[in-house]
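The primary structure of each chain is shown beneath.
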Amino acid sequence: MDAPQEIARTLVIEDGVVSKSVRRPADLVRFVLVILVSLAVLAIAYFASNTANGIGTDVADALQKLPGWLLLPLSLVSGLGILILPVVVAVDLLVRRRGRQLIDALGAAVVSIIVVTVLAWAAEKYAPDGLWRAVNGDATRDQNPFYPLLAGIVAFCSTARVIERARWSILSAVVIAATFVSLVINGAFTLTGLLLTVLIGWAIGLLARYALGTPTTRPPGVEVAAALERAGLPVTVLRATRITSEGRRYSATTDHGQRLQVVVLDRDLEGAGLLSRAWRTVRLRDDEAYGGLSMRRTLERAALMAYAGESVGAPTPHLRVVSEIGADAAILAYDHIEGQAFDLIEVTDSDVRGAWEALRTLHDHRICHRALSSDHLLRDPEGQVWLLDLGSGIVAMSDLQERIDLAELLATTASVSSPARAVAMAREVLGDARIARALPVMQPVAFSSETRRVVRRDKSLLKALREALIDITPEGEVEQISVERVKPRTLLTIVAGLVAAYILLGQLAQVDLLQLFRDANWTWVGIAAILSALTFVGAAMALQGFVLEKLSLLRTFLAQLAAGFATLVTPPTLGTVAVNVRYLQQSGVHPAVAGASVGVSQIIAFFVHISLLFIAGVLAGSQHDFAFDPPREAIIVVAALALCLVVVLPLPPVRRWLFSRGKPMLQRVGPRLVAVAQRPAKLAVGIGGILILNIAFCACLVASVYAFGGTASSLWAIALVYLAGSTLGQAAPTPGGVGAVEAVMTAGLVGVGVDAGIALSSVLLFRLLTFWLPTIPGWLSFQWLTKHDAL
């Protein structure tokens, strides 16, 4: 704890609010941007490797044509500067008594050199040929694609913040640029490799700056008090209260006994909350990101809103001082309002009415607040209600922003009183027509973070408010307004489509599709397609059989298609379970019952699958020429998993963890299983659906083999290949088991006597019919079910 300081007539108390080093949010933002740029450079070099290598060659040729009188200084600056620069910067840091920052910079340089060296080694040993060519062109594997020393220098300069020292920033830029150009001219490294070297060093330097902190430029409390005195408000006591993402908060008392609330905006906090604000701006319609990238913008916004609120007579604290404190901070001093926030008191009808009257004053003059949480509503000793923290508001508000303000204040006042009282007071102050406009935007995503937390805790709050607003809505259809511009689900769908397209193109590139379809027997292809469609019928029956509630067979079938689409971006079982649980919930099934029903279905499906695997193995094993030889990698993975289970499961902590996780599931699944067992017809539908699902898959693989004239030791052998391949594919972390399923099934078909070329073609046709082609109707089903609130 910092000791109180007494300067002239001012007692300053700062309990550790101004620390010696700080983590600057802007550094984290820059780190994320550098990582994104690095990935973009790598992606461009990979997908357009010939173009990237051509550009690198052209740049190297152009630089080699520089006159000799310019090349010599470049070489000298590169060779000597890369050694002298760290020494000069280190001396400067020591002179300024920043030994801690010097140690951090040296550590970042060492880490950067190690990371780049390890990446170079990993690329040499394990990088695919395409990735190696993207980074290192046509160089042999023994040639380093990165220059570790350059990465270390960049990380050192970044952590030391030489950019803040004009002369050192110029020197560091010249040295790094000269080194970069010299290395390109020498031809020892590609342009892509050097760019990635610089970006990796920069990223590590930024991460070190954020993780370890940098010396603060925040003015201490004595300078804040001095700034207030220069503005005509000398204070006798200045006490730090808290620090937020918006700035430091102080409580001050003037020499006349007047109390102030002082907000200090520090340049150190620039960028705080930027990512969340950017996402909110992209996601929501008509939402402007308040705050800002710069301290100046935040200061101007806060001052504008304070003056606007006061000019229209709204009950907001009076802003007395707006001033800079040097180049790295600014202050806003407001009158302190005695009172308590709504979240700390028992709120009366008069308080709720006062809140609505205050908001009416703002809205009548087209000003919105945008953060009407309970801690921003305050009642003073005389019963007057005040609106605090208007700095996030907007002047000249839009219709949508006005509606959101109304909806949020309804939610806030309902949470501290009751929905009925909140709506009643709002109607009394604003009238039915005006308050009913909040109904279409009564959506948690539109509220401020504090109000969102409140409505999440009380799930019935918004439902009660919507019902109350519907009762006062004029006759006619309720207006529909979509607050979200981009929904996370839509974004996920787009990403899933891109991932699926990339994986599909990569697999199809391995085979000549024209020749594949030219050689196929279309009768068997048609049979395989019908059997593929039958698997979704079986999946729908398997779900319906374990749900006692009545479900639409058509919608259940569409849900299984949507689940198949979901497996594009998830492991096989995870996507199916998530979609089915969501579908049952939207169909009116209680969430706990929905989870239990899907759990029962998955457990029965597992035992049926294992039973069929055993039966197929016994029947196929009776064939004298049967030989199932899965890939060595699959055997290693399965053996490793089995060994881990043998070693880990006996451990008491693991058993306790499994028991704690498994007991609640069994408690939910057990009663559901008993209830289904008492309905033989339902149980028959469920088990029958699981059998249809597995048998149709097996038959589809058989038809795919026959489509190319393949033969095997027996039909049971092909069935065993599917059952074993799908089981191993469940353990693969890739979407839909892509890669693992194809490898295991191809090797399995070869092992049971199918020609290698026919085996590969058969598996590709099987996966095309059962996994890839269904994604098109699956995507359409996903969209249709989502549109009709069935998913």
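Just above, that's the structure.
These notes cover the structure that comes with them. Every value quoted in this text rests on a predicted model; they were computed, and no experiment measured them.

Rules of the game
Residues numbered from 1 in each chain as written. Predicted model: local features only at pLDDT ≥ 70, side-chain atom pairs only at ≥ 80, totals over all residues. Heavy atoms only, no water. Helix = DSSP H or I, 4+ residues; strand = E, 2+ residues; numbered from the N terminus. Buried < 20%, exposed > 50% of the residue type's maximum accessible area, 1.4 Å probe, protein only. Contact = heavy atoms within 4.5 Å. Areas by Shrake-Rupley, 256 points an atom, 1.4 Å probe, with all protein chains shown as cover. Salt bridge = Lys/Arg side-chain N within 4 Å of Asp/Glu carboxyl O. Axes fitted to C-alpha atoms, helices over the stretch in contact; angles between N-to-C directions. Parallel < 35°, antiparallel > 145°, perpendicular 65-115°, else oblique. Left-handed = near helix turned anticlockwise from the far one by under 90°. Phe/Tyr/Trp six-rings, centres within 6.5 Å; stacked < 30°, edge-to-face > 60°. Lys NZ or Arg CZ within 6 Å of the ring centre and 35° of its normal. Expected span 1.5 Å × (residues − 1). Nonpolar A, V, L, I, M, F, W, Y, C, P; charged D, E, K, R; others polar. Core = buried A, V, L, I, M, F, W, Y, C linked by side-chain atoms within 4.5 Å. Pairing = 2+ DSSP bridges.

Considering the overall build of the protein
Okay, step 1: Scanning the protein from N- to C-terminus turns up 30 helices and 14 strands.
Okay, step 2: Scored against the burial criterion, the 791 residues of the protein give a buried share of 47%.
Okay, step 3: Across the protein, every contact between residues at least 6 apart in sequence was considered, and the portion connecting residues at least 24 apart equals 75%.
Okay, step 4: Put simply, the protein shows about 38200 Å² of open surface, and 65% of that area lies on carbon and sulfur atoms.

Quick notes on the pattern of salt bridges
Okay, step 1: Tallying each qualifying case throughout the model produces 20 salt bridges.
Okay, step 2: Beyond isolated ion pairs, a larger network of salt bridges with shared partners links Asp 364, Arg 366, Asp 399, Glu 402, Arg 403, Arg 434 and Arg 437.

Here's the deal with the packing of helix α20 (residues 522-544) against helix α29 (residues 756-772)
Okay, step 1: At a minimum axis separation of 9 Å, α20 and α29 run at an interaxial angle of 40°. In terms of their interaxial angle, α20 and α29 are classed as oblique. Read as a crossing pair, α20 and α29 show a hand that is right-handed. Residues Val 525, Ala 528, Ala 529 and Ser 532 of α20 pack against Leu 765, Leu 769 and Thr 770 of α29.

Details of the packing of aromatic side chains
Okay, step 1: Inspection of the entire model under this criterion finds eight aromatic pairs.
Okay, step 2: Seen from their ring centres, Tyr 147 and Phe 189 are 5.6 Å apart, and the 45° between their planes marks the pair as tilted. With a gap of 42 residues between them, Tyr 147 in the loop between α5 (129-136) and α6 (148-160) and Phe 189 in the loop between α7 (166-186) and α8 (191-212) connect regions that are remote in the sequence.
Okay, step 3: One aromatic cluster is present, formed by Phe 697, Tyr 722 and Phe 766 through successive ring pairs.
Okay, step 4: Looking at Arg 767, its charged tip hangs above the ring of Phe 771, at a distance of 4.6 Å from the centre.

As for α6
Every α-helix carries 3.6 residues per turn, so stepping three or four residues along brings you back to the same face.
Okay, step 1: With 13 residues, α6 extends 18 Å between its outermost C-alpha atoms, agreeing within 8% with the 18 Å of an ideal straight helix rising 1.5 Å per residue.
Okay, step 2: Counting buried positions along α6 gives 12 out of 13 residues, so the element sits mostly inside the fold.
Okay, step 3: Buried within α6 we find Pro 148, Leu 150, Ala 151, Gly 152, Ile 153, Val 154, Ala 155, Phe 156, Cys 157, Ser 158, Thr 159 and Ala 160.
Okay, step 4: The first or second residue beyond α6 is Arg 161, which carries a positive phi of 55°.

Overview of the environment of Phe 614
Okay, step 1: Following the sequence through the fold, Phe 614 ends up in helix α23 (residues 591-621).
Okay, step 2: Residue class for Phe 614 comes out exposed when judged on its relative accessible area of 59%.
Okay, step 3: Taking the C-alpha atoms as reference, Phe 614 lies 9.9 Å from Ala 724; in sequence the two are 110 residues apart.

Remarks on helix α1 (residues 25-47)
Okay, step 1: Taking 1.5 Å of rise per residue, 23 residues should cover 33 Å, and α1 covers 33 Å from first to last C-alpha, within 8% of that figure.
Okay, step 2: Among the residues of α1, those classed as buried are Pro 25, Ala 26, Asp 27, Val 29, Phe 31, Val 34, Ser 38, Val 41 and Ala 45.

A few points about the packing of helix α14 (residues 419-430) against helix α17 (residues 460-472)
Each pair of packed helices can be described by the angle between their axes along with the distance between the axes.
Okay, step 1: Closest axis-to-axis distance for the α14/α17 pair is 9 Å, and the angle between their directions is 40°. Compared by their axis directions, α14 and α17 come out oblique. In the crossing of α14 with α17, the sense of the turn from one axis to the other is right-handed. Of the residues in α17, those in contact with Pro 419, Val 423 and Arg 427 of α14 are Leu 461, Ala 464, Leu 465, Ala 468 and Ile 472.
Okay, step 2: When grouped by side-chain class, the residues that make up the contact of α14 with α17 number seven nonpolar, no polar and one charged.

Some points on the nonpolar core
Okay, step 1: Within the largest apolar cluster, 51 residues are counted, with the highest numbers of intra-cluster contacts made by Trp 356, Leu 410, Ile 435, Met 442, Phe 447 and Leu 465.
Okay, step 2: Sorting the residues of this core by element identifies α11 (295-311), α12 (349-364), β13 (385-387), α13 (399-416), α14, α15 (432-436) and α17 as the ones contributing at least two each.
Okay, step 3: It is α13 that provides the largest number of residues to this core, a total of eight residues.
Okay, step 4: Val 525, Val 600, Ala 620 and Ala 707 belong to the second largest nonpolar core, which has 40 residues in total.

Brief notes about the sheet that holds β13
Okay, step 1: Spatial strand order, β10-β12-β13: three strands in an open sheet with antiparallel pairing. Strands at the two margins of the open sheet, each flanked by one partner only, are β10 (340-341) and β13.
Okay, step 2: Note that strand β12 (residues 377-379) and β13 share three bridges and pair antiparallel. When the bridges of β13 are listed, Leu 378 appears paired with Trp 386.
Okay, step 3: Across the sheet, α12 touches β12 and β13, and the angle it forms with β13 is around 40°.

Brief notes about the pairing of strand β8 (residues 319-324)
Okay, step 1: Pairing of β8 with strand β9 (residues 329-335), which is carried by five bridges, proceeds in the antiparallel orientation. Residue pairing for β9: Val 322 is matched across the bridge by Leu 332.
Okay, step 2: With antiparallel pairing between neighbouring strands as the criterion, β8 and β9 make up a hairpin whose turn holds four residues, including Gly 326 at a positive phi of roughly 70°.

Some words on unusual backbone geometry
Okay, step 1: Located in the positive-phi region is Arg 366, a residue other than glycine, with phi close to 60°.
Okay, step 2: Mapped onto the elements of the fold, Arg 366 is located in the loop between α12 and β11 (367-368).
Okay, step 3: Phi at Asp 389 takes a positive value of approximately 50°, unusual for a residue other than glycine.
Okay, step 4: Along the chain, Asp 389 falls in the loop between β13 and β14 (394-395).
Okay, step 5: Note on Asp 389: relative accessible area 34%, which makes it partly exposed.

With respect to the environment of Arg 23
Okay, step 1: Note on placement: Arg 23 falls in the loop between β3 (21-22) and α1.
Okay, step 2: For the pair Arg 23 and Asp 268, spaced 245 residues apart in the sequence, the C-alpha separation amounts to 7.8 Å.

By themselves, these are just geometric observations and shouldn't be taken as functional.
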